[in-house]
Structures are given as structure tokens and as C-alpha cells.
Amino acid sequence: MPLRLVARFDLRRDVLPALLAAAGARGGGADNLENNYDSLRVLNVERNENVIYTYKDKGNTFFGVYDCQTRQNELLYSFETNLQVVSCSVNRERTLLAVSLVQSTEEGRRNELQPGSKCLTLLVEIHPINNVKVLKAVDSYIWVQFLYPCIDSHTLSEHRLLLISEEKYIEQFHIQVIQEDGNKVVIRNPGHLPRDRVAEDFVWAQWDMLGQRLYYIDLKKSRSILKCIQFSVPENFTLMFEAPLDISLNDSGLKLVNFGYDYLQDQEKLSTHATLCVFTSKTGVLCACYSPKFEPRKQITYSVFYFHKGYRKTYTPALGSVGSHVTEGVTFLNLDYYVAVCLPGHFFHLLNIQHPDLICHSLFLTGKNALIDLLPPSPLQSLPGSLVLDGSSGMLSRALLDQPHLLQLLWESPLDCDKMALLHCALAWGRHSPLLETQVIQWISENISACRSFDLIQEILIASSYWSVQPERSNADELLPHSSVLSWNTDIPGLTFVTEEIALPLMKVRSLTDDWEKLNYKLDCVKYAKRPLYYNNSVIKREWSNLLREENTGKRRSTAYVRNILDSATKVISNLEARNSERRLAPLFQEEDRQQRLLMGLMVSELRDHLLSHLQGVEKKEIEQMVLDYISKLLDLICRILEASWRNHELHSWALHFDRRGSAAEFAVFHLMTRILEATNSLFLPLPPGFHTLHMALGVQCLPLHNLLHYIDDGVLLLTETAVTRLMKDLDNTERNERLKFSIVARLPPLLGQKMSRLWDHPVSSSIISRNHVKRLLQDHKKQPRESVIDKTSFRVEFLPLNYFIDILTDIESSNPALYACEGHDNVDAKFVEEAALKHTTMLLGL
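Residues numbered from 1 in each chain as written. Predicted model: local features only at pLDDT ≥ 70, side-chain atom pairs only at ≥ 80, totals over all residues. Heavy atoms only, no water.

Student: Looking at this structure, how should I read the overall build of the protein chain?
Tutor: Tallying secondary structure elements over the protein chain gives 22 helices and 32 strands in all. Looking at the protein chain as a whole, 54% of its 847 residues are labelled buried. Expressed as a percentage of contacts within the protein chain between residues at least 6 apart in sequence, the contacts between residues at least 24 apart total 61%. Total accessible area on the protein chain is roughly 39400 Å²; 49% of this is exposed by carbon and sulfur atoms. (Helix = DSSP H or I, 4+ residues; strand = E, 2+ residues; numbered from the N terminus. Buried < 20%, exposed > 50% of the residue type's maximum accessible area, 1.4 Å probe, protein only. Contact = heavy atoms within 4.5 Å. Areas by Shrake-Rupley, 256 points an atom, 1.4 Å probe, with all protein chains shown as cover.)

Structural data, given as C-alpha cells:
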């Protein structure tokens, strides 16, 4: 299974040894405590990941806390009686402890605090141990939870405590504290603590310790309404949104999620109840995962309400053979950008909640690939921050995707849908792990044809570049494409699903910040955007073509405009070099490559304008850096794919040359570069400067002449000035090389063709130069009557048409020598044209 639980806290490992050591130091009790290990239990996990636990020793009930940062235990409080604990919470400063206890009838009669009550809710001053105040003394269960402010820089004078009642109401207590005698913290006016009614008549509630949010459902006219309350400082509490949920929840019982581990509920009955969990992420994702009441021998289904997308998907997995026996319901685990859906012994579904549109971006595994039996058999609580609490064993773990297993599945899976999902998962989880991305790039460079349904090179270029801009920083995830695949019509083996539109959450607050603002932006995109807002670089195709045409014809527009475009490209390359200072094996970035720099600069300009028009409130400087990072990542990925193949074929000492035949290794690299070119051309993405020159050099070495010319005519190989210059200089004038050179020169744009002809000392090049010179002389010449009579004796050659033509050229040249001088060749004149014509005629006649 690609899921791995890494223990952050283990009662048996982190608490029990310390308790045994302390008991031994006191001179006894260690054996008794070890024999009564079952009394050691986890009660709650606070926002700072501190774990509260309880244990009993010699008839006393103790409360302690384990700090996961310092790995230290601290005794908070103890009662000199044997009590059954329902819930417990401690404030951030560890000065106040809230405890909910259940006492037997006999204990209730003896209890001095509140005789005759079934459940006591106590507030204890523990710094130092001082007063105990009874907050509630009722016959129904109470759960407690201190609020933790998101700002941890100062000591609070007021603490807030939530009380959740089995009678379906939630109260918030305001507890003022003062310091006395130095560090002694006591409650101010403990006889009168202000309280607020936060919610009532609800049937389900979930606590988000990280975001300090309360999700709950109340039933209005038999309709489930999901609501969210945000607790913050200095505000009291705020209702953020309401959203209808089309699920079956009865109001006969109360279900609480993540209010500590509940030992009072029968775990066997718990597994048969309907399961509902709400998950969020920093990018504004909001989804609710729901599994109906479990019934043996019936089909398993589960639904995910993607509120940020405006639809729900109901999944129905195939459980294998007809005799498959299911004994419990599914488990939902939060993995930040993913949600894992597990059914022990049957399947593992890794849902991409960030981008759930296409089923191929989520991973569905069954059989031996799932290996779900590795998960603990007891019910698990999924906490924010990818934390998982197994209360029965006393372990708090962080759920991680097993990177080696992910890669192994990517290498071995025969299905394109699995490869797509695994690739995205590896890139999302590996963006902070360069080694993982490097391994994926290495595999792609060796397996570019491994998938038929999509292009692996395109997918890694788009997906990895998307994650490079850290979409949680802004709303860029709605503006940048995350995949090259726009649709997926292939079924996922063993899984069917139905998609239905749902009502969007109704936001109750106008001024939003952080991930609430991101959620609101996503909802606006669903409501108002007629099509996805993803950037498409093909919008610059026409402008780029115009610039190239101007470059080839010598007709250029504003110098400042072109200079700004080239300056933007320079910033991209500088940003790329700053990110990767290692020497590259492949000879790239060794020429100006004006063509690619123009494309690069245009992309900078267009992408910046796209983000500026949609990202309100984001500084221009931040957007500009985001653009540079995005395009730099694209170029870096192309370089790394090529470098991986270069290294794999041991071309370390390779130098750019044209005068020998290519090896099998060079042909393999040439094939990879061709595939890279195909991938980038269809997406209209820039290439690293020098890519086309290197591609052309390998093509000359590896391809027969007719294939080479076919690649050139089809636009696969581009004739860059650097490549043609090296070709003219490196190749001698053998028959094959002459044909190659002539074929190359004949395919060049006029200006470049003239320049390259001067590098080739050959009658063919002289003929080309002469033709261009004549064309230039005659294109603006107005024909006028001529009165002169040709004196045949004045010419060395008796060929009247040529003599007459040279006479005309001489007259034109003499009329304005400066205007008609051949650029770069002072010795090109009518005389040069005459000699070239005679040589060419001699060659044609075979004389």
C-alpha cells in the first residue's frame, strides 16, 4: 500500500517508560502501573499537537500531557479517586484544565463538588494547583475543548472553552485570568463566567483543531444543512457558510468527530453508523466525505461533496469475488491535497481533492497493490495536518505516501490511468523532495512511450511547473493548468462513479482572508466563469510568428518593444541559472537563440498579464516572480529530462560536431529530443536556447540525407544560424556533403541564406550570391531606352545575352555604388556575376 503511518506519539514508547521511571524513583508502584497499562489512554490532541492522556494508579486518576516538539511529559493534575473520563482539554499556557467526568451513583453521593450528578464538567487551575470550579453537573455527557488562538506570540488574559452537550447544544465560556504572586494564574470572578450559545439542535459536529473551526449539521425540515463557525481573535465566533447536504442523517443520536477519543461509544456499533468527515486544504479546497450506514452483504458506496467545484461524486467499488465478506465500513484519511478512502482487505482509493474533475487523477488500487491489511484494525480518527489518531493503541501518526512504493507502482503498473494518478501524486508530494522528482524524470527519459493515452513529457512539464509556484500562496491553481489532459473517457477497472451537481455553499462573510478567500474565489469561478481560466500559451502564436517573419525579412518593428521581450527572456534564464548552478552535460545555453528567446519573452508578458487580470490583491512583484519561476521550471525540466538521457548513454565528453556518423547512444538521445520537441510544439512552450542546434547536429549525424531533409521540411529540425554555420565549416566538399550543403542553403530564409553562402567556397554558393546580387540590383530599377551599340571586340566571351546583361548591371552599379554594394562582400559586382555565370554554365555543359 502506498500509505505509510509514521508515529509521532506512542503511549507505550513515549509515556509508559517515563511513568515507570517516576514510580520507581518514588520507591514502588511501577509493577502495579505496568500491570494496569490498560488504564493509560489518549484523551485529546490539541492544536500544537500536544497529546493529553490519563492513567490510574492506586485508585487515583492522573492527567498528563506529552509535548511532541520537546518530547517531554508533564503531569497536569490528579484526582484522588477512580473516575471515568469523558473528555479533557488544556489551554495553550497549561494553566487551566477542563475535564468532563462520569461518576457512578455511589461516587455521586460521596462527591463534595456536585452530589447526585451523572456527569461533571470541571475547570481546574493548575498553575499552580489551586481551585476547582464546576461548570456543569448534568445527567448527559459533556465534551470540552479549549480554543487555541492562531497568534501564538503573547499571553492571553482571556481563554475560551467550548462545551459540547449530548443534549445537542454547544456553549462557549469566556474565562478571564489574572496573575498573582508572580506566576500564579487564577480565574477572575470564577462565580460568573460569561457564556455564549454557539449552536443548538445539531446531529453531527466536527472540530478542526488546526483551523479552529467547528463544522456541524442541523436538520431543517428533514434537510441536512452543513454549517461552519470560525473562532478567532479578537472576534468571538463567526458563521462562515451554510451548505445543503443530501445525505441520510437521523436525529436520534449525536455523532462527534475529532473531539478527542471517545471511549464511551461502542466501537462495534460505531463502525455501522454513517460516516461523515469534512476536509479542507490551504488552497481553499472544501469537501465532505460521506459513507452511508454500513450493512453487511450490501454494496459499498461513498460520496464526496466537492463544494469548491459544485458537484458530488458517488463511488461504487467492486469488492472482488461474490463471496467477499465486508465486516466494517470505509475509513477516510486526510492527506492535505488528497483524501485516502480505505476498506481493509478490499481497496484503497486515493482521491485528488485539489483537482477532482478527471477520474484519472485519482488512484484506485485493489488486490495485492492495496495491501490495506497493514492499517490498524481499530477505528482511526483523521486530524488536520495529515495526522491520524488510533485511540485504542494510543498512537498518533502522520499519514504519508510511501515514496518508494509510489515509484514502484509507477514503474510496474500496466494501466495508463494508474500511471497518470501516480505521476501527479509523486509530483505533488515530491515538490519538496528533489530526489523523488529526479527519479520520476529518469524513468520518463527511459520510458517516453510507456503511455498511449497521454504524453508523459507533456504531463510532467505541466504538472511539475504547476506545483513549482506553490499554489497555496495565491489563487494561481485556478489560473495555471495542472495537467495536459483535458478529458478522460476510459473506465477505471473495479470502480464506477456518478457525478451530480450540488448547491454551492452560501458564504456569510464578505471580507475574507487566507484560505476562506481562496474558497470564495473558487466558488466565484464556478458561478461566473463560462470556461476554465487556465492559461494557454498558444495565445502568443500569432505574435511570435510575426516577430520571426520580421526577423527573417529584416523588417523589424519598434526596437524598444523587441528589446523588452528579449530582456524578459534574459530574466528567465538568469532565474533558472540561480536555481541550478550545476554544470550541465548537454551543450545548451551556449548561444543566443533569438527565436526561443522571443518565444520565452512573449510567454513572460502574456502569462504576467493573465495573472494580473485575475489575481486581485497580489503584488505585481510577487506575480512577476511567480511567472519567472514557472517558466524557469519548464525549461529546467526539459534540461533535466535531456540530461538524464545524456547521462544514461554516457555522452559526458560529447562535443558539438557534424563531421562523423552518430552512434546508437546519440540516436537514442536524438529520438528523445524529437519527442520533447513534439510535446512542447503541441503546447507551444519554449525550449532552452541551443536545443534546436543540438537537435540538428544529432540529426545530421544519425539520419540519411533524404530523411534529414524530410525532417527539415516538416519543421522537426530547425535550421538555426549556429547549426548551419558549424555545418558549413565542419563538412568538407565531398559529393554527399555538397548535396547536403546545397539542400540546406536552398531551405534557408533569404537573409540567412545570403550570409551562409559566403561561408561556402563553392561555385554553387557563388551562383547563389550572384543571383541575390542581381535581384537586388534589378528589383527597383526602372527600364529605360538604351542607345549604345555593343562592341563585340571589347568582350572576352562571344555570348551576346550575357554581355548585354552585364552591361546593364555595370550601368546600375555605377549610378549609385553605395546603394547597390553587396552587404558583407566588397568584391561582389557585375564582374563577379559574370564569372559565376560562366562557371555555372561550364558545369552544366560538362566542359
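So, next bit.
Student: Please clarify how the packing of aromatic side chains should be interpreted in this entry.
Tutor: One pair of aromatic rings is described through two measures. These are the centre distance and the angle between the planes. Inspection of the entire model under this criterion finds 24 aromatic pairs. Of the aromatic side chains, those joined through ring pairs into one cluster are Tyr302, Tyr315, Phe332, Phe347, Phe364 and Phe497. Directly above the ring of Tyr141 sits Lys118, whose terminal nitrogen or CZ lies 4.5 Å from the centroid. (Phe/Tyr/Trp six-rings, centres within 6.5 Å; stacked < 30°, edge-to-face > 60°. Lys NZ or Arg CZ within 6 Å of the ring centre and 35° of its normal.)

Student: Where do I start with unusual backbone geometry in this structure?
Tutor: Backbone phi values are negative for most residues with the exception of glycine, while trans is the configuration of most peptide bonds. The peptide bond linking His127 to Pro128 adopts the cis configuration, its omega dihedral lying at -5°. In this fold, Pro128 is placed in the loop between strand 8 (119-126) and strand 9 (129-138). For Ser386, which is not a glycine, the phi torsion comes out positive at approximately 65°. Positive phi, close to 50°, is recorded for Asp593, a residue that is not glycine. Assignment of secondary structure puts Asp593 in the loop between helix 11 (559-579) and helix 12 (594-614).

Student: Honestly, the environment of Thr95 in this entry has me stumped. Any pointers?
Tutor: Position of Thr95 relative to the elements: it lies in the loop between strand 6 (84-90) and strand 7 (96-102). When its relative accessible area of 5% is taken as the criterion, Thr95 is described as buried. Spatially, the C-alpha atoms of Thr95 and Glu125 are 6.1 Å apart, while their sequence positions differ by 30 residues. The residues touching Thr95, leaving out its near neighbours within four places in the chain, are Val124, Glu125, Ile126, His127, His159 and Val185.

Student: What should I look at first to understand the sheet that holds strand 31 (residues 495-501) in this one?
Tutor: Adjacent strands of a sheet form backbone hydrogen bonds with each other and so pair up, either parallel or antiparallel. The strand order across the open sheet built from 5 strands is 20-21-22-23-31, with neighbouring strands paired in antiparallel fashion. Edge strands, defined here as strands with exactly one partner in the open sheet, are strand 20 (275-280) and strand 31. Sheet twist, expressed as the mean angle between neighbouring strand axes with direction ignored, is 20°. Bridge count for strand 20 against strand 21 (residues 286-291) is 6 bridges, and the pairing is antiparallel. Residue pairing for strand 21: Thr275 is matched across the bridge by Ser291. (Pairing = 2+ DSSP bridges. Axes fitted to C-alpha atoms, helices over the stretch in contact; angles between N-to-C directions.)

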